[in-house]
Every structure is written in C-alpha cells, then in structure tokens.
Amino acid sequence: MKYIVIIGGGRLGSHMADVFSEQGDSVVIIDNNAESFKNLGENFSGFTVEADGRELEVLEHAKMSKADAVLCVTNDDNTNLMIAEIATEIYKIKKVIARIEEPENRKIAEKLGLKVVCPLELSAGELERILGGDGSK
C-alpha cells in the first residue's frame, strides 16, 4: 500500500484519486474548492483537505513527509511546479509529477529537475501516431 498526495481535485486529480483508492492505496487529495470533491467516485476511501496546497502547513497536515508519491494536477502550472519543487526538495519525495498546460514550461521544470506531464504534448503525439506520422491515414 502506498501513500499518495494529490494536489488538485479537478477531473484528473479526482480520477487518479479514485484509481489509487480502488487499488487499496491511501490517498489524500487537496483542493481549495470543496465543490471539486464532488468529482470523486462514491467508492473513494481516502481523505479530502479543503485548503491551499501551496501552504506548508497544509502539506504538513496532509502528512506530505510520509508520501510515496505526489501528483500536482491543479489548473495552474506555476502552482504545480512550485508544489512539485517543495515535494522534491523539502520533503525528498522521489516520485513527484506535475501537470503543465503550457509546453514552454517544460524548460523551467527541466532546470528544476522535475518530472512533468503535458496533456497537449501527449495528445499531439498520439494524434501523430494514429495518423502514421505523415497525416495520410
């Protein structure tokens, strides 16, 4: 069983929280809007924290220091990168991933040594793969 902290309770964060919860992992999801928790499935067995994940007190309350993995998936690249850096540098968590919406933010993340996922790049790559790389299929 892993302990996973997710920052951002939108569709992606809630979906991942449900997936990890169903796998039997212990999950804490943090979002500053309680309405976001309505995205969680009825079988979600983790904990929700309505607060700003950029605050160290909130991360302490969520027991970030015990996390095996942290997913930063808010709708704000700067927030995601900042929390990912905190998780990596202060809490020394090895598995930290930040979602970025703007591909140019990958350069910032790489300079900081952060792992990122960019939905735009993933979608473009998949579309290119489906089209066979030349747009003819």
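1. Let's talk about the environment of Leu40
No. 1: By the element assignment, Leu40 lies in the loop between strand S2 (26–31) and strand S3 (47–50).
No. 2: By relative accessible area, Leu40 is classed as buried at 14%.
No. 3: Considered as a pair, Leu40 and Ala87 are 47 residues apart in the sequence and their alpha carbons are 24 Å apart.
No. 4: Setting aside residues up to four positions removed in sequence, Leu40 forms contacts with Ser14, Ala17, Asp18, Ile29 and Thr48.

2. A short note on the sheet that holds strand S1 (residues 3–7)
Adjacent strands of a sheet form backbone hydrogen bonds with each other and so pair up, either parallel or antiparallel.
No. 1: Ordered in space as S3-S2-S1-S4-S5-S6, the 6 strands form an open sheet in which the pairing is parallel. Two strands close off the open sheet at either side, each with one partner strand: S3 and strand S6 (115–117). Averaged over neighbouring strand pairs, the angle between their axes works out to 20 degrees when direction is ignored.
No. 2: In the sheet, S1 pairs with S2 via 5 bridges, with the strands oriented parallel. Among the inter-strand pairings, Ile7 is bridged to a residue of S2, identified as Ile30.

Rules and cut-offs
- Residues numbered from 1 in each chain as written.
- Predicted model: local features only at pLDDT ≥ 70, side-chain atom pairs only at ≥ 80, totals over all residues.
- Heavy atoms only, no water.
- Helix = DSSP H or I, 4+ residues; strand = E, 2+ residues; numbered from the N terminus.
- Buried < 20%, exposed > 50% of the residue type's maximum accessible area, 1.4 Å probe, protein only.
- Contact = heavy atoms within 4.5 Å.
- Pairing = 2+ DSSP bridges.
- Axes fitted to C-alpha atoms, helices over the stretch in contact; angles between N-to-C directions.

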